[in-house]
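# Analysis of the macromolecular model
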Amino acid sequence: MSLLLSNFPPVRTDSKTYTDTFKSLLKDSDSVNLATGYISTDSAIDLRNIIEANGGPRLNLCVGMHYFDGLTPVQNEALRSLDKTLRDNNLGQVYMVTTFPFHGKIVSFVNSENIIGSIIGSSNLSNIIEGQRQYEADYLIENKADDTDLSAFIQDLISKGSSPLSELDVKVNIPENDLLVDQIGVKRVTKIEIDNARINLSDTTFSLPLKADEAQRSGINASFGEGRRNSQGFVMPRPWYEVELIVTKDITCLPGYPQADAKGDGGSFCVITDDGWTFQCKVSGQNSKNLRSEDDLKVLGKWLKGRLENAGLLTPGERVSDQTLADYGRANITMTKLADQDLWYMDFGVN
């Protein structure tokens, strides 16, 4: 039995993380049974992409809380897309517990009918995505008797307490873009802070085009770029919310635009967004052409794609197209320096 911990400051340990352990066991499995309280949009989409890229593994996913609490529109789309992929390819399906709220988190990994490990603890499915701020603690179990008991419990939960998602109508809740909640390095700001930022905008402002049709595997569509392939040929697709904008030289060379150093590094700066978030961004590369959220490309992606998803214009897992942006009402973001402050106002709002 091994303890798995989130391991972010200030409580770092020598333990492995849930995320790394889950993905390592997933690569070696031909079948996975998973029971979780909650899912996130990106975890459902990333699982679907992994299974599509590799033709497996087989997955039976049992979700314990959302039948009672409801799903956001994008969670609903993502979970049903995963379910359809599984059923269409005879690789399992998604279930929802309907008899009682189930808040447990258990996953069992199987190879050639032998259980190679199980994880039990506090991590919902969302913890397969790096960058979560909530600290989790789990156990990796590699004892055959305990593994068998946990696997049998998941089977019982599915057969006795759950129904296939494809047969259910689940309540859909209409939220604000909440994808950045509990994201490491991201904070929510108040309306007063947003208003103060708008009052203090300087004349240093840049309009950054969002390329879609001409950038189908990069930029806002970076998740469709080449995935990471290990020596055994297992492909780990790029996360759905990864975004890195490529800004042209005619913009990056203008006075006042954030600059990387001579090596193409550095260029870090803080942004406050029109819808109430603050996080670090950075520019890098030749002519400071690459614009991204610092440390985690998914932060900028969740901010941009989440706006499109909540507007009902983007289904999780789809490419952003020129038409998507036209329907949303703008195909650019603006970035404006605040006067006498090392802070930028980033705007993707529409009237």
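Refer to the structure presented above.
Residues numbered from 1 in each chain as written. Predicted model: local features only at pLDDT ≥ 70, side-chain atom pairs only at ≥ 80, totals over all residues. Heavy atoms only, no water.

Right, let's get into the layout of surface pockets. In this model, the largest pocket occupies a volume close to 640 Å³. Taken together, the elements giving at least two residues each to the lining of the largest pocket come down to helix H2 (41-54) and helix H4 (73-88). Here the lining of the largest pocket is composed, by residue class, of five nonpolar, ten polar and five charged. Here the second largest pocket is characterised by a volume of approximately 530 Å³. Of all the secondary-structure elements, those providing two or more residues to the lining of the second largest pocket are strand E1 (2-5), helix H1 (18-27) and strand E15 (277-284). Split into classes, the residues belonging to the lining of the second largest pocket amount to ten nonpolar, eleven polar and eight charged. (1 Å grid on protein atoms, 1.4 Å probe; cavity = no way out; pocket = protein on both sides within 12 Å on 5 of 7 lines; lining within 4 Å. Points joined across faces, edges and corners; volume = space filled by probe spheres on them. Helix = DSSP H or I, 4+ residues; strand = E, 2+ residues; numbered from the N terminus. Nonpolar A, V, L, I, M, F, W, Y, C, P; charged D, E, K, R; others polar.)

Turning our eyes to something else, we now look at helix H8 (residues 297-310). The terminal C-alpha atoms of H8, which comprises 14 residues, lie 20 Å apart, in line with the 20 Å expected from a rise of 1.5 Å per residue. Of all 14 residues that make up H8, 13 are buried, and the element is covered over most of its length. Backbone nitrogen of Lys298 and a side-chain oxygen of the N-cap are separated by 2.9 Å at the start of H8; the cap is Asp296. Looking at the residues trailing H8, positive phi occurs at Gly312, about 75°. (Expected span 1.5 Å × (residues − 1). Buried < 20%, exposed > 50% of the residue type's maximum accessible area, 1.4 Å probe, protein only. Polar contact = N/O pair within 3.5 Å; in protein donor to acceptor, adjacent residues only side chain to side chain.)

Turning our attention to the packing of aromatic side chains. Applying the stated criterion across every chain yields a total of twelve aromatic pairs. Ring plane angle 55° and centroid distance 6.2 Å describe the contact between Trp303 and Phe348, whose orientation is recorded as tilted. Residue Trp303 is located in helix H8, and its partner Phe348 is located in the segment after strand E18 (343-347); the two are separated by 45 residues in the primary sequence. According to the relative accessible area criterion, Trp303 is buried, its value standing at 0%. Judged by relative accessible area, Phe348 falls into the buried class, the value being 0%. (Phe/Tyr/Trp six-rings, centres within 6.5 Å; stacked < 30°, edge-to-face > 60°.)

What follows covers the nonpolar core. Counting 73 residues, the largest nonpolar core has Leu79, Leu291 and Trp303 as the members making the most contacts within it. Beyond its immediate stretch of four places on either side in the chain, Leu291 contacts Leu208, Glu244, Leu245, Val247, Tyr257, Phe269, Cys281, Lys282, Val283, Leu300 and Met335. The next biggest cluster of nonpolar side chains, apart from the first, holds eleven residues, and it includes Ile106, Ile141, Ile154 and Ile158. (Core = buried A, V, L, I, M, F, W, Y, C linked by side-chain atoms within 4.5 Å. Contact = heavy atoms within 4.5 Å.)

We now examine the environment of Gln183. Structurally, Gln183 is set in the loop between strand E8 (162-164) and strand E9 (187-188). Residue classification places Gln183 among the buried positions, given a relative accessible area of 0%. Taking C-alpha positions, Gln183 is 15 Å from Leu304, a pair spaced 121 residues apart along the chain.

What follows deals with empty space enclosed by the protein. To locate leftover empty space, one rolls a probe as large as a water molecule over the atoms. On inspection of all chains with the given rule, the structure shows two cavities of 30 Å³ or more. The space that makes up the largest cavity amounts to roughly 60 Å³. Along its surface, the largest cavity is lined by 14 residues, and Tyr18, Ala35, Lys105, Ile106 and Ser123 are the ones closest to its centre. Contributions of two or more residues to the lining of the largest cavity are made by strand E2 (31-36), strand E5 (106-111) and strand E6 (114-121). Residues belonging to the lining of the largest cavity are distributed by class as follows: eight nonpolar, four polar and two charged.

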